[in-house]
Structures are given as structure tokens and as C-alpha cells.
Amino acid sequence: MSDGIVVVTEADCQKLVGRAQAFDAVEAVFGAMARGDAYNFPVIREAIGYADALYGFKSGFDKAGLTLGLKSGGYWPGNMDKGLTNHQSTVFLFNPGTGQLKALVAGNYLTAVRTAAASSVSIAHLARKDAKVLGMIGAGHQAQFQLRAAAEQRDFEKVVAWNPHPDMLPKLAAVAEDIGLPFEAVSQEELGAQADVIITITSAFEPLLMADWVKPGTHIACMGTDTKGKQEVDAALVAKATVFTDEIAQSISIGETQHAIAAGSIKEGDITPIGDVINGKHAGRASAEEITLFDGTGVGLQDLAVADVAANLAAEQGIAQKVTL
Ligand code: NAD
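Starting from 1, residues in each chain are numbered consecutively following that chain's sequence as written. Local features in this predicted model are restricted to residues whose pLDDT is 70 or higher, and side-chain atom pairs enter the listing and the counts only when it is 80 or higher, whereas totals over whole chains, interfaces and linings include all residues. In computing side-chain values, all of the structure's heavy atoms are included and hydrogens and water are not.

1. Topic: the overall build of the protein chain
- Helix and strand assignments come from DSSP, with helices taken as H or I runs of at least 4 residues and strands as E runs of at least 2, each series counted from the N terminus. In terms of helices and strands, the protein chain carries eleven helices and 18 strands.
- Relative to the 2.2 N^0.38 estimate, which gives 20 Å for 325 residues, the radius of gyration of the protein chain is 19 Å and therefore close to what a compact globule would have.
- Considering only C-alpha atoms, the protein chain reaches an extent of 60 × 40 × 40 Å along its principal axes.
- Taking all 325 residues of the protein chain together, the buried fraction comes to 53%.
- Residue contacts are counted whenever heavy atoms from the two residues lie within 4.5 Å of one another. Sequence-distant contacts in the protein chain: of pairs separated by 6 or more residues, those separated by 24 or more amount to 70%.
- For the accessible areas, the method is Shrake-Rupley and the probe is 1.4 Å, while residue cover comes only from the protein chains on display. By element, 54% of the accessible surface of the protein chain is carried by carbon and sulfur atoms, the whole surface being about 13900 Å².
- We treat Lys and Arg as the positive residues and Asp and Glu as the negative residues; His and chain ends play no part in the count. Where a charge lies is defined by one atom per residue type, namely NZ (Lys), CZ (Arg), CG (Asp) and CD (Glu). A gap of 3 Å separates the mean positions of the 25 positive and 38 negative side-chain charges of the protein chain. In this description the radius of gyration comes from C-alpha coordinates, and the expected globular size is given by 2.2 Å times residues to the power 0.38. Here the term buried applies to any residue with accessible area under 20% of the maximum for its type, exposed to any over 50%, and partly exposed to those in between, with areas from a 1.4 Å probe on protein chains only.

Dropping the structure here:
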């Protein structure tokens, strides 16, 4: 008999897991992955042939944090018309000692907050300390979370943004206003010329940012490319940059480096897990002129890490619903 399964709703996740907790959880799990204490299992993602949906599992085990489980969900393009988010996910956490289900945690908000935490961790460790201008390429659901989290990592004075669909920019501008940062919609070239830190978070299949547009010393967090064929930045920019990632296997197969790898302009050995920087094994940025690039592909262990925070806090604060099977 288990102690009961903690059930944490979307609303409770939003109350319980803030950006700071997500940052700490994601930073810790990236460190554990680089030490070999935590590993992701092969991802399953299938077109199910119904409702145009893509459905899958991301799972893993963190031996350091004792987090075992999976995130199940995917993408239902028709959801928007039903008043629902197109991306849907739920996290299942198991007791690694017994295999019993421990928690069932809503995953939609957590996905956004853990993805924003990943780029924030990269900015914290790799961006120049004197970065002043934040560049945003992308203005969808994730972009709003990305902007809020990134803004906390440096003393940014301004946000410059470009999006393939300009009509989406006002929502991002409203976030900038809410956090007290001036916002300017600019061309892609202008964004590259001004920004010290650039986040890309789109569903693009063609490069939106070319190597020649980016100035020396920029840190770029490529967060949108999480599938074979997607691409947000010029492969020549990836080749020019010092490249870090959450997980090398994902980066070269479904992440932003897939194109530079295919072109032969970089090798797997040129990519450093960001966990090595977190663990002090790699120095990170080597000079003020170096272009650093973080390829955030999104790993299941990130989801488990933030879901574990939500489940533990919900239990501690007595707001968890409990069920037994
Ligand atoms: P969204 O639908 O809310 O926004 C989509 C964004 O991509 C917008 O900026 C839109 O203008 C742009 N876009 C749409 N179609 C495009 C096209 N054909 N070419 C170029 N740009 C296009 O989506 P979202 O939830 O903000 O997600 C954005 C991206 O981030 C998606 O690709 C998603 O798969 C990815 N994502 C990655 C992670 C991760 O961990 N790395 C996590 C969640 C989402």
C-alpha cells in the first residue's frame, strides 16, 4: 500500500513553482546529467493518426535527486479552437525504491517554466555580465515565459524583438512593459546588431538569424528546435559559436546543432554539456568576444525535476489532493 498519490493541478503548479525554484531544479539536474548521475531514456514521439496529434513520452531517472518518472503528452493542433492549449502534458513520478506511483502533476505550465529556466541557466553561466540588450526571436506562448525568466539574469535595459508573425509581438511587448523594460520591434538584422543575449523560441524550419548579423560576445539560447528538420539559426552561426547544450544526443539529432552536424561544420566533440559548466569542469565563456550558443532541446529530466518540486511543496503545504490506487 502506498502513502497515496499526490495530485497537483495546473493552478497549484502555478502557485507552487516560481521561476527561482524552476531555475534551481533545472540547474541541479543539468549538473547531475553531466556527472552521469541522471539520464534520459529514449524519447517516444508518434503521430497517432487521430486529431493530427503528436503524442509521446519523455522519461528518465535522476539518481542524485531520486526522481523517476515520465512526462506524457504532445501536440494537438486543433485544441486552440476548443479553447485549450495545443501542447498538453502530464507528469507521472514513481518511487524509485518500489515503482509505486508517487505523484500525478499537471505539466503545461511546468513545461513553459522549465524551458524558460533552461535558457536562464545558460544566460546565468554563459552571457557576458555586462549584457544590456535582450533580443527575442519568437512571440508565442513560450516566448512570454522566456522573457520574464531571462530578464532576471542580467541588468537588461531594453528588449528588441522580431517575430515571423508581427501581429503576435504586442503580447510580448506587454510582458516587457509589465517587467519595466522598454520594448522595440526591430528587423532581424537590427536585432543581431543590438542584442547582447538572443533567445530564439519559434517553430521555424528555416534559419531566422544569420551568422553575419550577430555581434561578437553575444550569447544565444536556441530554444525552439526540438524536432528533426526544425531550424532557427544559420548553421554557420552554430559553427562560429562555442556550443553548449542540455544533452548532446538530443542536440545533434533533434536540436539546433543537427544542421551543422549534418553539414560537417561541427563535430559531436565540439559540443559541451552545460552541466560541465555548472559543475565547474568547463570554464564556460572564454572571452568577451566569444559567441556562446546554448542549444536547449528540452529533456524529460527537466520536467521531472520541476514536477518533483511541485509535488513536494504541495504535500508540505497540505494543498495536495491525494488518491490511492
Ligand atoms: P506558439 O504556437 O505559441 O508560438 C509559435 C512561435 O513560432 C511564434 O513565434 C510564431 O510566430 C512562430 N512560428 C510559427 N510557425 C512558424 C514557421 N512556420 N516558421 C517560423 N516561425 C513560426 O508555440 P510555443 O509554445 O511558443 O513554442 C515555440 C517553439 O518552442 C515550438 O517549436 C515548440 O516545439 C518549442 N518548445 C521547445 C521546448 C524546449 O524544451 N526546447 C519546450 C517547449 C516548446
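2. Some points on the packing of aromatic side chains
- What counts as a ring pair is set by centres within 6.5 Å for rings of Phe, Tyr and Trp (its six-membered ring), and what kind of pair is set by the plane angle: stacked under 30 degrees, edge-to-face over 60, tilted for all other angles. One pass over the structure, following the stated rule, counts six aromatic pairs.
- A ring pair is formed by Phe-30 and Phe-294, whose centres lie 6.4 Å apart and whose planes are at 55°; its orientation type is tilted. Of this pair, Phe-30 sits in helix 2 (residues 19–35) while Phe-294 is found in strand 17 (residues 292–295), placing the two residues 264 residues apart along the sequence. Both residues of the pair, Phe-30 and Phe-294, belong to the buried class.
- Ring plane angle 65° and centroid distance 6.4 Å describe the contact between Tyr-55 and Trp-76, whose orientation is recorded as edge-to-face.

3. Comments concerning the domain arrangement of the protein chain
- Domain limits in this description derive from either an automatic procedure or a database domain assignment. Domain annotation for the protein chain reports domain 1 (5–111 + 301–323) and domain 2 (128–298).
- Taking only C-alpha atoms, the centre of domain 1 and the centre of domain 2 are 24 Å apart.
- Contacts between the two partners involve 14 residues from domain 1 and, on the opposite side, 18 residues from domain 2.
- Once two parts are joined, some of their accessible surface, as seen by a 1.4 Å probe, is lost; buried area is that loss totalled over both. Buried surface at the junction of domain 1 and domain 2, both sides included, amounts to about 1300 Å², of which 55% is carbon and sulfur.
- When the buried surface of domain 1 facing domain 2 is broken down by residue, Arg-19, Phe-30 and Ala-34 rank first, second and third, together holding 37% of it.
- Salt bridges are counted wherever a side-chain nitrogen of Lys or Arg sits within 4 Å of a carboxyl oxygen of Asp or Glu. Linking domain 1 with domain 2 are one salt bridge, by the criterion used here.

4. Digging into the side chain of Asp-246
- Note on placement: Asp-246 falls in the loop between strand 15 (242–245) and helix 8 (248–254).
- Among buried Asp, Glu, Lys and Arg side chains, Asp-246 stands out as unpaired, with Arg-114 the closest opposite charge at 6.7 Å.
- Polar side-chain contacts of Asp-246 include one of 3.3 Å to the side chain of Thr-245.
- Two N or O atoms count as a polar contact when they lie within 3.5 Å, although within protein this holds only if one can serve as hydrogen donor and the other as acceptor, and sequence-adjacent residues are included solely when both atoms are side-chain atoms. A distance of 2.8 Å separates a polar side-chain atom of Asp-246 from the backbone nitrogen of Gly-298.
- Excluding anything up to four places from it in sequence, Asp-246 contacts Phe-30, Met-33, Ile-274, Phe-294, Asp-295, Gly-296, Thr-297, Gly-298, Val-299 and Gln-302.

5. Describing the pattern of salt bridges
- Applying the stated rule across the entire model yields twelve salt bridges.
- When the shortest N-O distance is used, the salt bridge between Arg-19 and Glu-152 registers 2.8 Å. Separated by 133 residues along the polypeptide, Arg-19 in helix 2 and Glu-152 in the loop between helix 4 (141–151) and strand 9 (158–162) bring together distant segments of the chain.
- One salt bridge in this structure joins Asp-226 and Lys-230, with 2.8 Å as the shortest N-O distance.
- The class of Asp-226 is partly exposed, set by a relative accessible area of 30%.

6. Considerations on the nonpolar core
- Counting residues in each nonpolar core, the largest one holds 63 residues, and the members touching the most others are Val-17, Phe-30, Val-105, Leu-110, Met-136 and Ile-199.
- Tallying contributions element by element places helix 11 (residues 300–316) first for this core, with ten residues.
- Residues from two domains meet in this core; each of domain 1 (5–111 + 301–323) and domain 2 (128–298) gives at least three.
- Residue contacts for Met-136: discarding those within four places in its chain leaves Ala-143, Gln-146, Leu-147, Val-159, Val-160, Ala-161, Trp-162, Leu-172, Leu-191, Ile-199 and Ile-201.
- Put simply, a nonpolar core is a bunch of buried Ala, Val, Leu, Ile, Met, Phe, Trp, Tyr and Cys residues held in one set by side-chain atoms that sit within 4.5 Å of each other. Ranked by size, the runner-up nonpolar core spans 26 residues in total, among them Val-160, Ile-198, Val-243 and Ile-266.

7. Focus on helix 2
- Helices are assigned an expected span. That span is 1.5 Å times one less than the residue count. Look at helix 2: 24 Å from first C-alpha to last across 17 residues, which is about the 24 Å you get at 1.5 Å a residue.
- Buried residues of helix 2: Ala-22, Phe-23, Ala-25, Val-26, Val-29, Phe-30, Gly-31, Ala-32 and Met-33, and no others.
- Tucked inside the fold, the buried residues of helix 2 contact strand 2 (38–40), strand 4 (54–62), helix 3 (108–126), helix 10 (274–278), strand 17 and helix 11.
- Just downstream of helix 2 lies Gly-36, where phi reads positive at about 85°.

8. Examining the site of the ligand
- We call a residue near a given molecule or strand whenever any one of its heavy atoms falls within 4 Å of it. Taken together, 23 residues are adjacent to the ligand, and Arg-114, Asn-163, His-165, Asp-226 and Lys-230 come closest.
- Residue Met-223 places a main-chain N or O atom 2.8 Å away from a nitrogen atom belonging to the ligand.
- A total of 850 Å² of accessible area belongs to the ligand in isolation, and the protein chains cover 80% of it.
- Breaking the shell around the ligand down by element, the ones donating at least two residues are helix 3 and helix 4.
- Each residue is assigned to one class: nonpolar for Ala, Val, Leu, Ile, Met, Phe, Trp, Tyr, Cys and Pro, charged for Asp, Glu, Lys and Arg, and polar for all the others, Gly among them. A breakdown of the residues in the shell around the ligand according to their chemical character gives six nonpolar, 14 polar and three charged.

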